[in-house]
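Survey of secondary and tertiary structure
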Amino acid sequence: MDLKSFTSSKYQNLKTIITNYDLNEFIKLDSATFLKLAGSSLIGLGIIYLFKIWYSYRIFKRLGVKHVNYNFFYGNYKELLERKSNSNLIREWSEKYGKTYGYFEGHMPILVTGDLDIIQEIFIKQHSNFSAKKKRIVAASDDHPSVNLINSVGLRWKRMRNIMNPTFSSAKMRELSPDLVKCTDRLIEILENEQEKEINITNFLKRFTMDSIWNCAFGVDANIQYNPDNEYFVKCEKTFQLLGKPDNLPTLIGMYFHEFRSITFSIMNLMNKFLSKFIDMGSRVPTFWFMNRVFQIVDKRKADGIRKRDYLQLLIDAEGHDFKDEKLTDKNFTNFHIEKKMTIDEIKTNVTLFMFAGYETTSTMLSFSIHTLAKYQDQQKRVHEEIKSFFDSEPDSTIDSDSVQKLEYLDLFIKEVMRFYPIGPMTRRCTKETNVKGINIPKDLVIAVDTLSIHFDAENWGPVDPNEFYPERFSKETKRHPCAFMGFGAGPRNCIGMKFALIELKIALCKLILKYEFLPLPEDKQEVEIYEMFIRTPKDGVSATFRKRKD
Ligand code: HEM
């Protein structure tokens, strides 16, 4: 008997007992008997929950898949929390257990895989059966009104993605390009005073990225780069530092009792609503400040009726009422009519997502790019030569979203940086039981991709040693597996902001490299220490010394 039928038969028995019980007798119970009854019910529930935990730990045995040794209740959290990078630990496990195996976060099983064919099945060929991602530690239920694109499931995800895809088209990028150039010019100007001394350039790149997002996504020019104490920057940066730290009760509940993640979220939401009546939550909790600020921008834009040609406007144009997503069934996504509409809650939560998904990722990739230019001086020379000769020989071309896309070597360089420094494991959650290459993946099982192993596997990236920085390996002539490069994920649910991120990176790098030369790194700065909370970032930022070019 499986767990579902076991629980259902127990439930039926309980129902019969309760139905046959005489209510008058129940009312007559004295308090001692009542306490006994309540106590035994609690013990009963505890036993059922313990049984559920025990049963969860057996999953990989049932699937015929190896798993990492675990402790009851903690699962593998002890090892995970001790490490600065989950990706590194997962890579070590892969060396020991093979390409596909399991581990446990608390008692939540995670199936890890570095097998490209399995990934292709899950991320591309059968993606509608894996239409969810791993839930955040404290997260709304899948059908909550405030769920955004990253956390949405099934047809709701499909509807939102259909609406949001055109907001990242080449035409849209052309419109956003002047703002990106403006923000880059500010960065160049500020760096002028920092020449010929070692600085932590990550701090400057972070402010640049945030400036770009406030301008391009929300239409707000908040003077972030010129003032390090700018409220917009400080509050948003704090939001990222606080997210997901395992030192508060809601996070601990979410980690060890993953079934209660949504309930914890709802309780926190209710508490926030209640407390907001008495205290200014925005001034105490940076995340609330940020959300409130963005929500005000949306409300004001709607109330004023002013139209802007930006990301937010496209979402506002898709506003609709009284529509429903069909439930995900066993057919694939293409058989459904999907409304191109979003509720106002969805608009707010998705415009906020631009910051959550685009800020740390882009500033981190920019930091790693600068580190690589300084570390590999021959690469810097090549990239510089290409940019210089392109813009010298095409005097009419200015640095914008179109021209930077014509620089072939710069493109290879950025991809190789992203191969070297992938942002971390990416996940899918199974939404319908599916057999993938002989493994019968049950509904709700989370699958995590071991990106680090894939990106450094000689089978995927040879013949030149994958530990060598070699951008030419990305040249069009060399055919690779479609899932070998996971820098922006894979399949229809890959990174929606990829085009925006690449253009931003390219505009910034073109301008920086044309103006400044990054000097070789001292011996002790050759390697960057990685820290991984949500994504793999340089722990203490990236150091750089640069000077104005004479040529
Ligand atoms: C260099 C910068 C960036 C990197 C390396 C990056 C990387 C990624 C990766 C690896 C994923 C997961 C893909 C998958 O699971 O298959 C992802 C998803 C996503 N990214 Fe990015 N990203 C970057 C910039 C951005 C920007 C600027 C935005 C702005 C909106 C953005 C928005 C998103 C969203 C919304 C998703 C979820 C898509 C979905 O679930 O449908 N990203 N990104």
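All figures in this text were calculated on a predicted structure; none of them were measured in a lab. (Residues numbered from 1 in each chain as written. Predicted model: local features only at pLDDT ≥ 70, side-chain atom pairs only at ≥ 80, totals over all residues. Heavy atoms only, no water.)

Here we come to the UniProt feature "transmembrane region" (unreviewed entry) in the chain. Per the UniProt record, the feature "transmembrane region" (unreviewed entry) sits at residues 34-55. Across residues 34-55, the secondary structure splits into 100% helix and 0% strand, with the terminal C-alpha atoms separated by 31 Å. (UniProt positions renumbered as here; feature names shortened; annotations may be inferred. Helix = DSSP H or I, 4+ residues; strand = E, 2+ residues; numbered from the N terminus.)

The subject of this paragraph is the packing of aromatic side chains. A complete count under the given rule lists 37 aromatic pairs for this structure. Clustering of aromatic rings is evident, with ring pairs tying together Tyr49, Phe73, Tyr74, Tyr77, Tyr256, Phe257 and Phe260. Sitting over the ring of Tyr74, Lys78 keeps its end group 4.6 Å from the ring centre. Here the guanidinium or amino end of Arg382 rests over the ring plane of Tyr409, the centre of that ring lying 3.9 Å away. (Phe/Tyr/Trp six-rings, centres within 6.5 Å; stacked < 30°, edge-to-face > 60°. Lys NZ or Arg CZ within 6 Å of the ring centre and 35° of its normal.)

Attention shifts here to empty space enclosed by the protein. Left-over empty space is what a probe sized like a water molecule reveals as it rolls over the atoms. Per the stated rule, a full pass over the model turns up 2 cavities of 30 Å³ or more. In this structure, the largest cavity spans a volume of roughly 50 Å³. If you go around the largest cavity, the residues you meet are Lys133, Lys134, Lys135, Arg136, Ala139, Ala140, Asp142, Ile150, Asn151 and Arg429. Considering only residue class, the lining of the largest cavity consists of 3 nonpolar, 1 polar and 6 charged. (1 Å grid on protein atoms, 1.4 Å probe; cavity = no way out; pocket = protein on both sides within 12 Å on 5 of 7 lines; lining within 4 Å. Points joined across faces, edges and corners; volume = space filled by probe spheres on them. Nonpolar A, V, L, I, M, F, W, Y, C, P; charged D, E, K, R; others polar.)

We now examine the sheet that holds strand β7 (residues 446-449). With mixed pairing, 4 strands are arranged side by side in an open sheet as β1-β2-β7-β4. Edge strands, defined here as strands with exactly one partner in the open sheet, are β1 (100-105) and β4 (427-429). With direction set aside, neighbouring strand axes in the sheet form an average angle of 30°. (Pairing = 2+ DSSP bridges. Axes fitted to C-alpha atoms, helices over the stretch in contact; angles between N-to-C directions.)

Our focus in this paragraph is the coordination of the iron atom of the ligand. On the protein, Cys495 (SG) is the one donor atom to the iron atom of the ligand, at 2.3 Å. For Cys495, the position within the fold is in the loop between α21 (458-461) and α22 (498-515). (Donors = N, O, S within 2.8 Å, 3.2 Å for Na, K, Ca; no water.)

A word on the site of the ligand. For the ligand, the set of nearby residues contains 29 residues, the closest of which are Trp157, Arg161, Arg428, Arg493 and Cys495. A distance of 2.8 Å is found between an oxygen atom of the ligand and a side-chain nitrogen or oxygen belonging to Arg428. Broken down by secondary-structure element, the contributors of at least two residues to the shell around the ligand are α8 (154-164), α17 (344-375) and α22. Top contributing element to the shell around the ligand by residue count: α17, with 7 residues. Considered class by class, the residues forming the shell around the ligand number 18 nonpolar, 7 polar and 4 charged. (Near = heavy atom within 4 Å. Polar contact = N/O pair within 3.5 Å; in protein donor to acceptor, adjacent residues only side chain to side chain.)

Here we come to the pairing of β1. Most of β1 sits out of view: 6 of its 6 residues are buried. What you see with β1 is no split at all: Thr100, Gly102 and Phe104 on one side and Tyr101, Tyr103 and Glu105 on the other are buried throughout. Across 6 bridges, β1 lies against strand β2 (residues 108-113) in antiparallel orientation. When the sheet's bridge partners are listed, Tyr101 is paired in β2 with Val112. Counting the residues in the hairpin turn of β1 and β2 gives 2 residues, including Gly106, whose phi is positive at 65°. (Buried < 20%, exposed > 50% of the residue type's maximum accessible area, 1.4 Å probe, protein only.)

Taking 1.5 Å of rise per residue, the 12 residues of helix α6 (residues 86-97) would be expected to cover 16 Å, and the 16 Å separating its terminal C-alpha atoms lies within 8% of that figure. Residues of α6 that are buried include every one of Ser87, Leu89, Ile90, Trp93, Ser94 and Tyr97, and no others. The buried residues of α6 all sit within an arc of 160° when viewed along its axis, so they share a single face. Structural note: α6 exposes Glu95 and Lys96 on the side pointing more than 90 degrees away from its buried face. Buried residues along α6 sit against α5 (77-82), β1, β2, α20 (451-455), β9 (530-532) and β10 (536-538). Following α6 by one or two positions, Gly98 has its phi on the positive side, about 100°. (Expected span 1.5 Å × (residues − 1). Arc of directions from axis to C-beta. Contact = heavy atoms within 4.5 Å.)

Another point: the UniProt feature "binding site: heme" (unreviewed entry) in the chain. In the numbering used here, UniProt assigns the feature "binding site: heme" (unreviewed entry) to Cys495. You can call Cys495 partly exposed: its relative accessible area is 32%. In this structure Cys495 touches Arg161 and Phe488, once residues within four positions along its chain are discounted.

Attention now goes to the side chain of Arg161. Examined against the element boundaries, Arg161 turns out to sit in helix α8. In terms of polar contacts, Arg161 uses its side chain to reach the backbone carbonyl oxygen of Asn494, at 2.8 Å. Contact partners of Arg161, with chain neighbours within four places excluded, come to Leu149, Pro492, Arg493, Asn494, Cys495 and Ile496.

It is worth spelling out the pattern of salt bridges at this point. Under the counting rule described, the total for this entry stands at 36 salt bridges. Between Arg159 and Glu346 there is a salt bridge; the shortest N-O distance is 2.9 Å. Placement of the pair is Arg159 in helix α8 and Glu346 in helix α17, with a sequence separation of 187 residues. Given the relative accessible area of 2%, Glu346 is considered buried. Look at the salt bridges and you will find they share partners, linking Asp179, Lys182, Arg186, Asp211 and Asp221 into a network. (Salt bridge = Lys/Arg side-chain N within 4 Å of Asp/Glu carboxyl O.)

All right, on to the nonpolar core then. Core analysis: the biggest nonpolar cluster contains 127 residues, and Leu191, Ile201, Trp214, Phe218, Met355, Ile370 and Ile441 have the highest contact counts within it. Tyr101, Val112, Met255 and Ala448 belong to the second-largest nonpolar core, a separate cluster that totals 16 residues. (Core = buried A, V, L, I, M, F, W, Y, C linked by side-chain atoms within 4.5 Å.)

So, about the packing of α17 against helix α18 (residues 377-393). Between α17 and α18, the shortest axis-to-axis distance is 5 Å and the interhelical angle comes to 110°. Comparing their axes, α18 and α17 come out roughly perpendicular. Between α17, through Leu373, Ala374 and Lys375, and α18, the contact on the second element is made entirely by Gln377, Gln380 and Val383. Considering only residue class, the contact of α17 with α18 consists of 3 nonpolar, 2 polar and 1 charged. (Parallel < 35°, antiparallel > 145°, perpendicular 65-115°, else oblique.)

For the peptide bond that leads from Gly462 to Pro463, omega is 0°, which places it in the cis range. Inspection of the secondary structure assignment puts Pro463 in the loop between α21 and α22. The backbone of Glu196 sits at a positive phi, close to 55°, despite the residue not being glycine. Locating Glu196 in the fold gives a position in the loop between α9 (170-191) and β3 (199-200). We classify Glu196 as exposed; its relative accessible area is 55%. One non-glycine residue, Asp444, adopts positive backbone phi at about 80°. Mapped onto the elements, Asp444 comes out in the loop between β6 (439-441) and β7.

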